[in-house]
Amino acid sequence: MNLFELIEERNHEEVVFFSDRESGLRAIVAIHDTTLGPALGGCRMYPYSSTEEALQDVLRLSRGMTYKAAVAGLNLGGGKSVIIGDPKKHKNEILFRAFGRFVQGLGARYITAEDVGTSVMDMEWVRMETRYVTGISRALGGSGDPSPVTALGTYRGLKACAEKAFGTQSLKGVRVAVQGLGHVGYYLVRHLHDEGAKLIVNDVDPERVKRVVNEFGAEAVDGDKIYSVDADVFAPCALGAIVNDKTIPQFKFKVIAGAANNQLAEEDKHGQQLLERKIVYAPDYVINAGGLINVYNELEGYNQEKALSQAKSIYDIVKNIIDLSEKENIPTHVASNKLAEERINNVGRIKHTYVNKPETVMRRLEN
Ligand code: NAD
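Scoring rules and cut-offs
- Residues numbered from 1 in each chain as written.
- Predicted model: local features only at pLDDT ≥ 70, side-chain atom pairs only at ≥ 80, totals over all residues.
- Heavy atoms only, no water.
- Helix = DSSP H or I, 4+ residues; strand = E, 2+ residues; numbered from the N terminus.
- Rg over C-alpha atoms; globule rule 2.2 N^0.38 Å.
- Buried < 20%, exposed > 50% of the residue type's maximum accessible area, 1.4 Å probe, protein only.
- Contact = heavy atoms within 4.5 Å.
- Salt bridge = Lys/Arg side-chain N within 4 Å of Asp/Glu carboxyl O.
- Near = heavy atom within 4 Å.
- Polar contact = N/O pair within 3.5 Å; in protein donor to acceptor, adjacent residues only side chain to side chain.
- Areas by Shrake-Rupley, 256 points an atom, 1.4 Å probe, with all protein chains shown as cover.
- Nonpolar A, V, L, I, M, F, W, Y, C, P; charged D, E, K, R; others polar.
- Pairing = 2+ DSSP bridges.
- Arc of directions from axis to C-beta.
- Axes fitted to C-alpha atoms, helices over the stretch in contact; angles between N-to-C directions.
- Parallel < 35°, antiparallel > 145°, perpendicular 65-115°, else oblique.
- Left-handed = near helix turned anticlockwise from the far one by under 90°.

Caption draft 1: A look at the overall build of the protein. Along the protein, the regular secondary structure elements total 14 helices and twelve strands. What you see for the protein is a C-alpha radius of gyration of 20 Å, in line with the 21 Å of a compact globule of 367 residues. Along the three orthogonal principal directions, the C-alpha set of the protein runs to about 55 × 45 × 40 Å. Among the 367 residues that make up the protein, the fraction classed as buried is 54%. Within the protein, contacts between residues at least 6 apart in sequence are counted, and of these 67% link residues at least 24 apart.

Structure below.
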């Protein structure tokens, strides 16, 4: 493994390895790009089988954060961190406080948050050592659960896709299949129900299904049947890789717009297939950016009204992406990457004007 080549391959600015003998912490922080502002991205804890596997993951995920923040119009760069360890066995206060001290040492170039394998409580330990952490509880002045904001953004993005596919803003009578009725899925279903959409739902947890059937009159279907139901829109809110060789031939949907991460099993191949089948696809990292918008607002003194109103603009962002995809006959995920790169390049040229310079954020968070 040639470390420098690996880092240069995707244009990362900085990769830092941390180790703390006392707590057993082994962590990597990858800062991909800080053109737009400090690199923000969650801290993932996972029992990686090798350092290389952890490094590859943090390089990939941090680059994704650069694109997500850029296309959402935020003054944030892209970063991510990984802690090598089993979240079921190796979590404790000493470990996360050691991680917090390391993050503090990066001086606002990287801001962390919870992610797969870490929780709000872990981030509260991190906060004992650094202010460069977001996604903490409302009680501590943080933004708390991001799901209502993510769901609102997803709903707005779904509307933009539906308008393109069906030629009308209204979702009244539109049949929407929702997979996953957890934090985001439940709020999304509520928005859709309020607008008169017809709901077909599915979750592995029967209690969650029962709740939306009772509250919103949704129709429930079992397991993989969700991929072949007769619906206009598919809103995946549970699993990744659900757009794949097996599911695409079953789709009757004209729109795919949901909050789940990494929906395309193979990005280029399956993105292209959706384009060829004229299925309007809202790129996952764009439509689910409400969560990032929510923690971004924490940096400025959290106000949920403001976060919600910013999340509503996902409608316009998705619309622009679909327009570019149509104009250039490219898959929507390629169109959104293009828009993100364009913004970074344009702002990069006027770098001196950006508001989220690490020094500014540092002052704001420390006061
Ligand atoms: P969650 O864990 O609260 O809900 C997921 C739901 O999916 C659960 O009810 C679970 O029972 C269900 N599920 C799991 N496997 C399933 C299967 N095979 N078939 C059907 N249902 C299944 O998670 P969430 O916070 O609602 O997030 C949903 C998705 O959105 C995830 O992919 C997450 O990464 C993504 N996301 C969430 C946020 C956020 O703000 N919560 C932000 C960005 C992206």
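And the narrative resumes.
Caption draft 2: Inspection of the pattern of salt bridges at higher detail. Under the criterion given, the structure shown has 20 salt bridges. A salt bridge links Asp115 to Lys80; the shortest N-O distance between them is 2.7 Å. Here Asp115, found in the loop between strand S6 (110–111) and helix H4 (120–127), pairs with Lys80, found in strand S5 (residues 77–84); they are 35 residues apart in sequence, far enough to count as distant. As far as burial versus exposure is concerned, Asp115 and Lys80 are alike and both buried. Put simply, Asp230 and Arg175 hold a salt bridge, and the shortest N to O gap is 3.6 Å. You can see Asp230 sitting in the loop between strand S9 (219–220) and strand S10 (233–236) and its partner Arg175 sitting in strand S7 (residues 175–179), a full 55 residues away along the chain. Here Asp230 falls in the partly exposed class, since its relative accessible area comes to 48%. Classification of Arg175 as partly exposed rests on a relative accessible area of 29%. Through salt bridges with shared partners, a single ionic network connects Glu93, Arg97, Arg101 and Glu129.

Caption draft 3: View of the site of the ligand. Near the ligand, the surroundings consist of 21 residues, among which Thr150, His183, Val184, Asp203 and Arg208 are the closest. A distance of 2.6 Å separates an oxygen atom of the ligand from a polar side-chain atom of Arg208. For the ligand, an oxygen atom lies 2.9 Å from a polar atom in the side chain of Asn261. Bound to the protein, the ligand loses 73% of the 830 Å² it would expose on its own. Every element with two or more residues in the shell around the ligand is listed here: helix H5 (147–166) and helix H6 (183–194). Looking at the shell around the ligand residue by residue, the classes come out as nine nonpolar, nine polar and three charged.

Caption draft 4: Here's a closer look at unusual backbone geometry. One non-glycine residue, Ala108, adopts positive backbone phi at about 70°. Relative to the assigned elements, Ala108 resides in the loop between helix H3 (93–105) and S6. With a phi close to 55°, Lys278 is a non-glycine residue in the positive phi region. Within the secondary structure layout, Lys278 lies in the loop between helix H8 (267–276) and strand S12 (280–281).

Caption draft 5: Structural view of the pairing of strand S4 (residues 43–46). When S4 meets S5, the two strands line up parallel, connected through four bridges. Bridged to Cys43 within S5 is Ser81.

Caption draft 6: Expanded view of helix H11 (residues 304–312). For H11, the set of buried residues is Ala307, Leu308 and Ala311. Each buried residue of H11 sits inside an arc of 100° when the element is viewed along its axis, so together they form one side. Summarising the contacts, the buried residues of H11 are in contact with H5, helix H10 (290–298) and helix H12 (314–328). Residue Asn303 occupies the N-cap position of H11, its side-chain oxygen lying 2.9 Å from the main-chain nitrogen of Glu305.

Caption draft 7: Just the side chain of Thr134, in detail. Mapping Thr134 onto the fold places it in the loop between H4 and H5. Assessed through its relative accessible area of 1%, Thr134 is described here as buried. Excluding residues within four positions of it along the chain, Thr134 makes contact with Leu40, Ile111, Thr112, Ala113, Glu114, Met123, Val295, Glu298 and Leu299.

Caption draft 8: The packing of H6 against helix H7 (residues 206–216), seen in detail. Across the interface, H6 lies against H7 with an axial gap of 11 Å and an inter-helix angle of 15°. It follows that H6 is roughly parallel to H7 by the angle criterion. Viewed along their axes, H6 and H7 form a crossing whose handedness is right-handed. Counted together, Tyr186, Val189, Arg190 and His193 of H6 and Arg211, Val212, Glu215 and Phe216 of H7 form the full contact between these two elements.

Caption draft 9: Main features of H7. Along H7, the residues classified as buried are Val209, Val212 and Phe216. The arc that holds the buried residues of H7, viewed along the axis, is 75°, so those residues lie on one side. In H7, the exposed residues that point more than 90 degrees away from the buried face are Pro206, Glu207 and Asn214. If you follow the buried residues of H7, they end up packed against H6, strand S8 (198–202) and S9. Near the N-terminus of H7, the side chain that reaches the backbone nitrogen of Glu207, with its oxygen 2.9 Å away, is that of Asp205.

Caption draft 10: Focus on the packing of H5 against H11. With their axes 8 Å apart at the nearest point, H5 and H11 run at an angle of 25° to one another. The orientation of H5 relative to H11 falls into the category roughly parallel. Here H5 and H11 pass one another in a crossing that is right-handed. From H5, Pro148, Val149, Leu152, Gly153 and Arg156 reach across to H11, where they touch Gln304, Ala307, Leu308, Ala311 and Lys312. Grouping the amino acids of the contact of H5 with H11 by side-chain chemistry returns six nonpolar, two polar and two charged.

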